[in-house]
Amino acid sequence: MKNRLVNIGIIGLGTVGSGVARVLLEQGELLKARTTLTFRLKTISELDWIKERNLDLTGVICTSKVEDVLEDPEINIVVETIGGYEPAFSFISRALRNRKHVVTANKALIATRGKELFRIAQENGVDLMFEASVGGGIPIIKSLREGLIANRIESMFGILNGTCNYILTKMHQEGLEFAEALKGAQEKGFAEANPTLDISGGDTAHKLTILASLASNSLVPFDKIYVEGITAISRQDIDFAKSFGFTIKLLAIYRAVKGGLDLRVHPTLVSNSHLLSAVSNELNAIFVQGDFVGSTMFYGPGAGERPTASAIVGDIVDLSRDLMLQEGEKYCNRSISLVEHSDLVPIGEVANRFYLRFLTVDRPGVLSLISGVLAEHGISIASMVQLETQEKDSCIPIVLLTHEASEKAMADALEKIMRFDFVKDDHIRLRIF
Ligand SMILES: NC(=O)c1ccc[n+]([C@@H]2O[C@H](COP(=O)([O-])OP(=O)(O)OC[C@H]3O[C@@H](n4cnc5c(N)ncnc54)[C@H](OP(=O)(O)O)[C@@H]3O)[C@@H](O)[C@H]2O)c1
């Protein structure tokens, strides 16, 4: 390639796009020294040029016409940082069809429409890279693809959403209720004005889809993953979990088991002796177990302008190295496998230990009726707490930790327990890790 020059175009100069521009403008010398390549931010396409970004864009073409990036034959790599499904999907596919490599942080799009995009990339002999889509600045995708390539991945447990982790940390450390912790997260910029995708577990499921696809070398269907968010967690549950020696975390779970892949996202009681319990605030961590390497943990900032930009520029450099090679020598095809994984273990067949909290009328015999139903379903109790009350006929919480039991048995038992007239609607079932 002429002059070892790589021309880059960015679409969307928001939080992440600005970070990418900043790295390319400020770290040009460092990148050149490390790669002998010159990275030129040629063009940025953005709709809102009024917003202050504290960037000196002298020499960069600033446009609101996306064609200036997508149709410029000089541009080798397109960075998509607008987010969402459309027009991001159309822009990425158009860039790939124009034989430009693409880098994106758009996990929602990769998790739900990755198959179509990777196919277009393959058909056009270019790559679509997405390191920043999971774990922000943590190079987990490159690690799974390269550093851990010799391993079968047996399991992964990840804290992949900074917003949820921040909220749960504040509930643990400051005794806040969920709503107060969410409000604080929004004020500090750790949660969006509309946090639904984060707190429902959807964002974590997008990221798990991507990690699971890489780890299993297959395409995992996003809509088959079992997902629960954190909105039902109360301060009371946090306190009970603490008293038993656990911290509640929203975990993305990947387990390669006999029947296939066990993939889930749900709030989980993590033992305080496990490293994941100490991952606080907006930080992310992914615990990966490989058959040769054993246990590894990846930890760091899961979002934010600078960490996310760091991951994107890592992808840009990898692609640029390929651009310097002759046709046929290229590493190319970094896509996720396009073969769909058909063996996802249904949630009912998964076994877990459980944390159960019921609110019941304080009456003799209540506990033995509940434990009787659990026993009927083969579920045995490991520990129990029942709070005392002085008031006659008032309601009290009962908390039970069980030994391992199947999800199906637990669902059936819960259905029966909830039919007792002394059990109030306010109850929760969480899993223990
Ligand atoms: N923020 C993070 O920490 C983070 C971390 C990891 C991954 N990501 C992912 O990175 C992507 C970008 O996130 P972000 O936080 O940077 O979003 P953002 O701050 O909202 O930035 C998006 C930018 O794109 C612009 N835009 C929208 N439509 C456009 C179009 N048709 N043409 C050109 N520009 C357009 C927006 O302009 P207007 O404001 O005028 O609409 C905005 O400036 C998302 O996929 C997100 O999931 C973000």
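Residues numbered from 1 in each chain as written. Predicted model: local features only at pLDDT ≥ 70, side-chain atom pairs only at ≥ 80, totals over all residues. Heavy atoms only, no water.

**Points about the sheet that holds strand 6 (residues 128-129)**
Here comes step 1: The strand order across the open sheet formed by 6 strands is 3-2-1-4-5-6, and the pairing between neighbours is parallel. Pairing within the sheet leaves two strands with one partner each, and these edge strands are strand 3 (61-63) and strand 6.
Here comes step 2: When strand 4 (residues 77-80) meets strand 5 (residues 101-104), the two strands line up parallel, connected through 4 bridges. The residue bridging glutamate 80 from the neighbouring strand is threonine 104, located in strand 5. (Pairing = 2+ DSSP bridges. Helix = DSSP H or I, 4+ residues; strand = E, 2+ residues; numbered from the N terminus.)

**So, the packing of aromatic side chains**
Here comes step 1: Across all of its chains, the model carries 4 aromatic pairs by this definition.
Here comes step 2: Both rings, one in phenylalanine 157 and one in phenylalanine 433, keep their centres 4.3 Å apart while their planes meet at 40 degrees; by these two values the pair is tilted. With a gap of 276 residues between them, phenylalanine 157 in strand 7 (residues 153-159) and phenylalanine 433 in the segment after strand 17 (428-432) connect regions that are remote in the sequence.
Here comes step 3: Given the relative accessible area of 9%, phenylalanine 157 is considered buried.
Here comes step 4: Between the aromatic rings of phenylalanine 420 and phenylalanine 422, the centroid separation amounts to 4.8 Å while the plane-to-plane angle is 15 degrees, which identifies the pairing as stacked.
Here comes step 5: Looking at phenylalanine 420, the relative accessible area reads 22%, which means it is partly exposed.
Here comes step 6: In this structure, arginine 113 packs its charged tip against the face of phenylalanine 89, placed 3.6 Å from the ring centre. (Phe/Tyr/Trp six-rings, centres within 6.5 Å; stacked < 30°, edge-to-face > 60°. Buried < 20%, exposed > 50% of the residue type's maximum accessible area, 1.4 Å probe, protein only. Lys NZ or Arg CZ within 6 Å of the ring centre and 35° of its normal.)

**Focus: the packing of helix 5 (residues 107-123) against helix 10 (residues 202-216)**
Here comes step 1: Running from amino to carboxyl end, helix 5 crosses helix 10 at an angle of 55 degrees, the nearest separation of the two axes being 8 Å. Classified by the angle between their axes, helix 5 and helix 10 sit oblique to one another. Our pair here, helix 5 against helix 10, has a crossing hand that is left-handed. Of the residues in helix 10, those in contact with Lys107, Ala108, Ile110, Ala111 and Thr112 of helix 5 are Asp203, His206, Lys207, Thr209 and Ile210.
Here comes step 2: Along the lines of polarity and charge, the residues of the contact of helix 5 with helix 10 split into 4 nonpolar, 3 polar and 3 charged. (Axes fitted to C-alpha atoms, helices over the stretch in contact; angles between N-to-C directions. Parallel < 35°, antiparallel > 145°, perpendicular 65-115°, else oblique. Left-handed = near helix turned anticlockwise from the far one by under 90°. Contact = heavy atoms within 4.5 Å. Nonpolar A, V, L, I, M, F, W, Y, C, P; charged D, E, K, R; others polar.)

**Points about the domain arrangement of the protein**
Here comes step 1: Entries for the protein in the domain assignment read domain 1 (2-134 + 305-323), domain 2 (140-301) and domain 3 (348-432).
Here comes step 2: Between the C-alpha centres of domain 2 and domain 3 the distance comes to 26 Å.
Here comes step 3: Interface of domain 2 and domain 3: buried area, both sides summed, is about 1400 Å²; carbon and sulfur atoms make up 66% of it.
Here comes step 4: The largest share of the area that domain 2 buries against domain 3 comes from Phe240, Phe244 and Leu269, three residues that together contribute 40% of it.
Here comes step 5: The tally of links between domain 2 and domain 3 comes to 3 salt bridges.
Here comes step 6: Of the charged contacts in the structure, one is a salt bridge between glutamate 228 and arginine 429, with a shortest N-O distance of 3.0 Å.
Here comes step 7: Here domain 2 and domain 3 share 7 residue pairs in polar contact (both at pLDDT 80 or more) between them.
Here comes step 8: Of all the secondary-structure elements, those providing two or more residues to the side of domain 2 that touches domain 3 are helix 11 (235-243), strand 9 (246-257) and strand 10 (260-271).
Here comes step 9: If one sorts the elements of the side of domain 2 that touches domain 3 by residue count, strand 10 sits on top with 6 residues. (Domains from an automatic or database assignment. Buried area = accessible area lost by both parts, 1.4 Å probe. Salt bridge = Lys/Arg side-chain N within 4 Å of Asp/Glu carboxyl O. Polar contact = N/O pair within 3.5 Å; in protein donor to acceptor, adjacent residues only side chain to side chain.)

**Let's talk about the site of the ligand**
Here comes step 1: Near the ligand you find 22 residues, and of these Gly14, Thr15, Val16, Glu46 and Gly304 are the closest.
Here comes step 2: At 3.2 Å from an oxygen atom of the ligand is found a side-chain nitrogen or oxygen belonging to lysine 51.
Here comes step 3: A distance of 3.2 Å separates an oxygen atom of the ligand from a polar side-chain atom of lysine 107.
Here comes step 4: Look at the ligand: alone it shows 890 Å² of surface, and the protein chains cover 73% of it.
Here comes step 5: Here the shell around the ligand is built from residues that sort into 9 nonpolar, 9 polar and 4 charged. (Near = heavy atom within 4 Å. Areas by Shrake-Rupley, 256 points an atom, 1.4 Å probe, with all protein chains shown as cover.)

**So, the pairing of strand 7**
Here comes step 1: Taking burial as the measure, the 7 residues of strand 7 include 6 buried ones, the bulk of the element.
Here comes step 2: Pairing of strand 7 with strand 11 (residues 283-290), which is carried by 6 bridges, proceeds in the antiparallel orientation. Each residue of the ladder has a partner; that of phenylalanine 157, found in strand 11, is phenylalanine 287.

**Examining the environment of leucine 359**
Here comes step 1: Position of leucine 359 among the secondary structure elements: in strand 13 (residues 351-361).
Here comes step 2: It is 5.5 Å that separates the C-alpha atoms of leucine 359 and isoleucine 396, two residues lying 37 residues apart in sequence.
Here comes step 3: Those residues in contact with leucine 359 that lie beyond four places of it in its chain are Cys395, Ile396, Pro397, Phe422, Val423, Lys424 and Asp426.

**Quick word on the side chain of glutamate 46**
Here comes step 1: With respect to the helices and strands, glutamate 46 occurs in the loop between strand 2 (38-45) and strand 3.
Here comes step 2: The buried category is assigned to glutamate 46, whose relative accessible area is 11%.
Here comes step 3: Looking at glutamate 46, its side chain comes within polar contact range of the main-chain nitrogen of aspartate 48, at 2.8 Å.
Here comes step 4: Excluding residues within four positions of it along the chain, glutamate 46 makes contact with Gly12, Leu13, Gly14, Arg53, Thr63 and Ser64.

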